[in-house]
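# Per-entry structural report
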Amino acid sequence: MTLFLQLGFQGVALGMVYALIALGFVIMTKGSNTFNFAHGEFVAVGAYVVVALMPHLPYWMAFIGSVVVTVTLALVAERLLLRRLVSASPTALILATLALAVIVHALVLVVWGVGTKGSAGPVGSGTVEIGDVVLTYSGIATIGTSILVLLALLVFFRWTSYGLALRATASHQEAAAAQGIDVGRMFALSWGIAAALAVVASIFLASFPRIVSPTIGLVALAAIPAVVIGGLDSFVGAVVGGLVVGLIQVLGAGYLTDYGGGRLHEVLPYVLMLVVLVLRPYGLFGSRGIERV
Amino acid sequence: MSEPALAVTDLSVRYGAAATALTGIDLMVPRGEIVTLLGPNGAGKSTLMRAVSGLLHVHGGVITSGRVELLGSDVTSDRPAARVRRGLAQALEGRQVFPDLTVAENLAAGGHVRRYRKAQAREALERALSHLPRLHDLMDRKAGYLSGGEQQMLAIGRALMSQPTVLLLDEPSLGLAPKIVETVRDIILDIRDEGTSILLVEQNAAMALSIAQHGYVLESGRIVRSGAAADLRDDDEIAALYLGVSASEGAGSHA
Amino acid sequence: MTATVSTPETTAEVAPGFRRPSQRRRGPWAVAAWVVLMLAVPLLVSSDQWMGVGIFALIAAVGVLGIQIVMGLAGQVSIATAAFMPIGAYTAAWLGVDHGQPFWVWLPASAVVAGIGGALFAPIAVRMRGHYLGVATLGLVFIASYVWEVWTDLTGGSGGRVAAPVVINGQDLLDGYWSGDTQVLTLFQAWWYFAFAVLLVAMVVTWNIKRSRLGRAFMAVRDKDLAAGVVGIPVTRTKTTAFAISSAFAGVSGSLLAAYMGYVTPAQWSLTLSIDFIAMAVIGGAGTIAGALLGALFYKAMPEAVNWLSTYVPFVSQDAKVDGGLTAPLLSQMLFGAAILLVLLFEPRGLNALVRRPFHWARTRRERSAR
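Residues numbered from 1 in each chain as written. Chains lettered and ligands numbered in written order. Predicted model: local features only at pLDDT ≥ 70, side-chain atom pairs only at ≥ 80, totals over all residues.

Let us look at the overall build of chain A. Helix and strand content of chain A: 12 helices and four strands. Computed over its C-alpha atoms, the radius of gyration of chain A comes to 19 Å, within 12% of the 19 Å expected for a compact globule of 293 residues. Expressed along its principal axes, the backbone C-alpha trace of chain A runs to roughly 60 × 50 × 35 Å. Expressed as a percentage of the 293 residues in chain A, the buried residues total 58%. For chain A, contacts bridging at least 24 residues in sequence account for 73% of all contacts bridging at least 6. (Helix = DSSP H or I, 4+ residues; strand = E, 2+ residues; numbered from the N terminus. Rg over C-alpha atoms; globule rule 2.2 N^0.38 Å. Buried ≥ 20, exposed ≤ 12 C-beta atoms within 10 Å, placed from the backbone. Contact = placed C-beta atoms within 7 Å.)

Now the structure itself:
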């Protein structure tokens, strides 16, 4: 039981990280009609910039700096690329974001090399014990911060004019334009928010093992099953999907080491994703029309 | 105050490389009046609406000549948002509400462009709802679950949220039961009486000519007739072409 | 002009079913000239390195043809090439090495088994469109690459295994082709001809599919699958067929690739490989047969060209570095990504259309002056 609670805590923490990344995918998909396969590389950029700035700046300033860099990158990509492909086919859009991923990944390797970098994370490496369960500071910080970020997003989308305009654009693009909502600006806004979420996710992803390596972009792609399980157009789905994937990975790593070469937990989210796609192609919380995108 | 609410001068539009959709359109909406635009499917009514509202590019259309003036200022190359800020609002053909937003949120999105403070927003909402009391009880419903008539009222209400001087209504009676068409008709008159100028595109010529002061008839991208609504209503040709068949056409698919 | 990747060749045509008469006359001669040229390449190119690039391109082009069918013709986004290629490669290795079967057994078998794999995935795929489908096929790649690493009896685990050899008249083509003590063909020449023969077959098959009923059904599904269902085209079966054919091509490409390299490891079937294949299809010209080879050539030749040029550019190093810096492989990766974006933004019909432009221009000029 102790082991289960222990793993459960870690699973929820990892799941919240995936939820933040998954939310980025959902916000971009809703806001700009594009599933951005380069989102994982945004996470990588976020993590590396924090690591690069840390020796020179206090942690919170390094974080802000990384948000600025990553959001700028996302806005430039959206403006120069996606905005010009608005009327293109899904195939073209998918390939465009894949190409973007290839370029950004190569850039990361050019700037920071193929080796791993040490990463401090926003909090120390201490622990708290509740009964026999050991809670790491970083795990607590991850869960706490993620919940705050989720609440902030909820407020933004529910109660602010821009949040409403973004949802209106996602709901019906032409009607939004007819109401005088600047649809292009909403595209940019969705990419900006997603990139900022990527940075928040990246600092916690980089504090699980306390390193940043070039594969972090690929690790972030584990949020894709989370998105699909939850439903491409559902905020709630992204959070639930993220938690499901995080728990599967951590519980799987804890209990299934004797099966399938000890790596079964890495593919289980993808298997579950395909199962969900067969049973409910629009995800657990998605709306029925979405698979017609 | 002498300049018209909306003036279209010598407007030509084409889609893509070949198809010319509108040729040399002249049209005017005087202040505080209802002007109606009639014509068969595919005549270019929706294209003209898009040229006025600035949504032409969404459908791949280009203005090749002519001007669109709103309250005396040239808005031909303005973005939709700029036109809305200048006082133009529209209810798109087929209603096109935000289906997964509530009625209240739909209305609020209509006021987005005005950057209202809380009190202003409440005032705009009250004014819009004063024309559309039916929406009062539906505020928390998802717009996608409303009936056709309710969605039409919501589309009009959402347009009113920006407190427009000129309102474009594209086929508001399309697919609605006769009784609801009556209600929509009364709502339009009610809005006009408050001083809003209205350009009404309709297939239901009988309804449109009964409330408009002035009418234009569009065929194959050209204005072929125009005049006082009363004259058009009494015209035998118009009667044969539009008044007799309007009921069956209204049920068909739109352009 | 909107960037519509899914409608490449039809845009140039007056109407479906109508072909410009001049095109019909020129076609066979152009193809014959091209075949002769391709046969002459090993005699004209002396560099082993560039011959190697060419052979890789021929092998890749087979897989790209599969993408042309599923994505270009049938309009279904598939990022799953890297899941189906190894099915072919391991089928070939199992038959060719473990059971000593000749290539004319393992090569068709690799197509059949990978094709079955594609057909098995189809029930999931046909229920989805656009981005969802792309995401689902991506999941397949991750699952497949896990299977290869765990199924060590078949794949040798992460260490890899020996691939099926191509043996003709008792001679392994990787040793070249000998007549007595004299080498008739070098390894590169022999493999060029072998890969070219397979590619020609694949091209003819694709060409026939394109102009058959099936090809028209693919395009109908691509352009409007709801409408296609209404006019009596069985949408599910058509999509399933597209996936099956496409993965069969991927299987052949995979088994050939493994055979040419002589060795096969699970790590080589990564997501990147899938991206590369879609990119080759789009860069070459989505849905076109010639575009498959053009895209593959571009993809394989560019890194070599960059590598060669990098010896003259001071700031580009040739090896990967732990602490960063611009290296030739990274530079070519970036250029590759940029090439995809440039094609999408400026010539959605790809290199195929770009290459044809001068011909097209000359022809329209000739026709105009003849009038």
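Continuing now.
Turning our eyes to something else, we now look at the overall build of chain C. Each helix and strand counted, chain C has 14 helices and six strands in total. For chain C, the residues scored as buried account for 50% of the 371 residues in total. Once local pairs closer than 6 in sequence are excluded, the contacts in chain C between residues at least 24 apart make up 75%.

It is worth spelling out the interface of chain C and chain A at this point. Counting residues at the interface gives 46 residues for chain C, matched by 46 residues for chain A. Elements with a minimum of two residues in the side of chain C that touches chain A: helix 5 (130–150), helix 11 (271–284) and helix 13 (328–346) of chain C. When residues in the side of chain C that touches chain A are grouped by element, the largest group, 13 residues, is from helix 5 of chain C. By residue class, the composition of the side of chain C that touches chain A is 30 nonpolar, 11 polar and five charged. (Nonpolar A, V, L, I, M, F, W, Y, C, P; charged D, E, K, R; others polar.)

With that settled, consider the sheet that holds strand 9 (residues 214–219) of chain B. All names here are of chain B. Spatially, 6-7-8-3-9-10 is the arrangement adopted by the six strands of the open sheet, whose pairing is mixed. Edge positions in the open sheet fall to strand 6 (88–91) and strand 10 (222–228), since each of these has one partner strand only. Averaged over all adjacent pairs, the angle separating strand axes in this sheet is 15°, with direction ignored. As judged from the four bridges shared by strand 3 (residues 34–38) and strand 8 (residues 197–201), these two strands associate in the parallel manner. When the bridges of strand 8 are listed, V35 appears paired with L199. Taken strand by strand, helix 1 (residues 45–53) contacts strand 3, strand 6, strand 7 (166–170), strand 8 and strand 9, and its axis lies near 150° from that of strand 7. (Pairing = 2+ DSSP bridges. Axes fitted to C-alpha atoms, helices over the stretch in contact; angles between N-to-C directions.)

Residue and element names in this part refer to chain B. With respect to topology, four strands assemble into an open sheet ordered 2-1-4-5, the strand pairing being antiparallel. Taken across any chain shown, the strands that pair with only one partner, and hence form the sheet edges, are strand 2 (20–29) and strand 5 (73–74). Across eight bridges, strand 1 (residues 6–15) lies against strand 4 (residues 61–70) in antiparallel orientation. From the neighbouring strand, T9 faces strand 4, where its bridge partner is R67.

Residues and elements named next belong to chain C. Taking the UniProt record as the reference, the feature "transmembrane region" (unreviewed entry) is found at residues 27–45, 51–70, 77–97, 103–125, 132–151, 190–209, 242–265 and 277–299. What you have in residues 77–97 is 81% helix and 0% strand, and the ends, taken at the C-alpha atoms, are 34 Å apart. Counted over residues 103–125, helix gives 100% and strand 0%. Its end C-alpha atoms are 31 Å apart. (UniProt positions renumbered as here; feature names shortened; annotations may be inferred.)

What follows concerns the arrangement of the chains. Contacts between protein chains span two pairs of chains, and they are most numerous for chains A and C. At their nearest point, the C-alpha atoms of chain B and chain C are still 8 Å apart, with no contact between the two.

All names here are of chain B. Taking 1.5 Å per residue as the helical rise, helix 5 (residues 148–160) with its 13 residues ought to reach 18 Å, and the 18 Å between its terminal C-alpha atoms agrees with that figure. The buried fraction of helix 5 amounts to 11 of the 13 residues, a majority that puts the element mostly inside the structure. Buried residues of helix 5: E150, Q151, Q152, M153, L154, A155, I156, G157, R158, A159 and L160, and no others. Those residues of helix 5 hidden inside the fold are in contact with strand 6, helix 3 (103–110), helix 4 (118–131), strand 7 and helix 6 (178–193). (Expected span 1.5 Å × (residues − 1).)

Residues and elements named next belong to chain A. Per the UniProt record, "transmembrane region" (unreviewed entry) is found at residues 6–28, 60–81, 93–114, 134–157, 186–205, 211–228, 235–255 and 267–285. Secondary structure within residues 93–114 divides into 91% helix and 0% strand; the distance between the first and last C-alpha atoms comes to 29 Å. Counting secondary structure, residues 186–205 comes out at 100% helix and 0% strand; the distance between its end C-alpha atoms is 28 Å.

Residues and elements named next belong to chain A. Orientation of helix 6 (residues 161–171) relative to helix 8 (residues 183–205), taken along the N-to-C sense of each, is 105°, at an axis distance of 10 Å. The orientation of helix 6 relative to helix 8 falls into the category roughly perpendicular. Across the interface between the two elements, Y162, A165, L166 and T169 of helix 6 pack against V183, M186, L189 and S190 of helix 8. Tallied by class, residues from the contact of helix 6 with helix 8 come to six nonpolar, two polar and no charged. (Parallel < 35°, antiparallel > 145°, perpendicular 65-115°, else oblique.)

A word on the packing of helix 2 (residues 39–53) of chain A against helix 8 of chain A. Residue and element names in this part refer to chain A. Remark: helix 2 packs on helix 8, axes separated minimally by 8 Å, with the N-to-C direction vectors making an angle of 60°. As judged from the angle between their axes, helix 2 and helix 8 are oblique. The handedness of the crossing between helix 2 and helix 8 comes out as right-handed. Counting all contacts with helix 2, which are made through H39, F42, V43, G46, A47 and V50, the residues of helix 8 involved are A194, A195, A198, V199, A201, S202, I203 and L205. Looking at the contact of helix 2 with helix 8, its residues break down into 11 nonpolar, three polar and no charged. (Left-handed = near helix turned anticlockwise from the far one by under 90°.)

Across the contact, 16 residues belong to chain A and 22 residues belong to chain B. With six residues, the top contributor of residues to the side of chain A that touches chain B is helix 6 of chain A. The residue makeup of the side of chain A that touches chain B, split by class, is seven nonpolar, six polar and three charged.

Moving on, we get to the environment of G61(B). Residues and elements named next belong to chain B. Examined against the element boundaries, G61 turns out to sit in strand 4. The exposure class assigned to G61 is partly exposed, which follows from the 19 C-beta atoms found within 10 Å. Distance from G61 to V13, taken between C-alpha atoms, is 6.7 Å for residues 48 residues apart in sequence. Each residue touching G61, except ones within four places of it in the same chain, is listed here: V13, Y15, A21, T47, R50 and L56.

Attention shifts here to the environment of A281(C). Among the secondary structure elements, A281(C) is positioned in helix 11. Excluding residues within four positions of it along the chain, A281(C) makes contact with V64(C), I67(C), Q68(C), M71(C), G72(C), A286(C), A292(C) and G295(C).

At 3.6 residues per turn, the α-helix brings residues three or four places apart onto the same side. All names here are of chain C. For helix 10 (residues 235–261), which comprises 27 residues, the first-to-last C-alpha distance of 39 Å matches the rise-based estimate of 39 Å (1.5 Å per residue) to within 8%. Judged by how many residues are buried, helix 10 sits mostly within the fold: 22 of 27 residues are covered. One or two residues past the end of helix 10 sits G262, with phi positive at roughly 80°.

Residue and element names in this part refer to chain C. Per-chain confidence: chain C averages 84 in pLDDT, with 88% of residues scoring 70 or above. Within chain C, helix 9 (residues 225–230) has the poorest average pLDDT of any element, 65, and helix 3 (residues 81–98) the best, 95. Considering only residues more than four positions removed or in separate chains, one finds that residues 1–23, a stretch of pLDDT under 50, has 36 contacts. For this predicted complex, the interface score ipTM comes out at 0.87, alongside a pTM of 0.87. (pLDDT = per-residue confidence, 0-100.)

Further remarks concern the environment of A13(A). Residue and element names in this part refer to chain A. Here A13 shows up in helix 1 (residues 2–32). Here A13 falls in the buried class, since 24 other C-beta atoms lie within 10 Å of it. Among all residues touching A13, those that are not within four sequence positions of it are G139, T142 and I143.

Residue and element names in this part refer to chain A. Note: strand 2 (residues 127–130) against strand 3 (residues 133–136), four bridges, orientation antiparallel. The residue bridging I130 from the neighbouring strand is V133, located in strand 3. Here strand 2 folds back onto strand 3 in antiparallel fashion, the turn holding two residues, of which G131 has a positive phi close to 65°.

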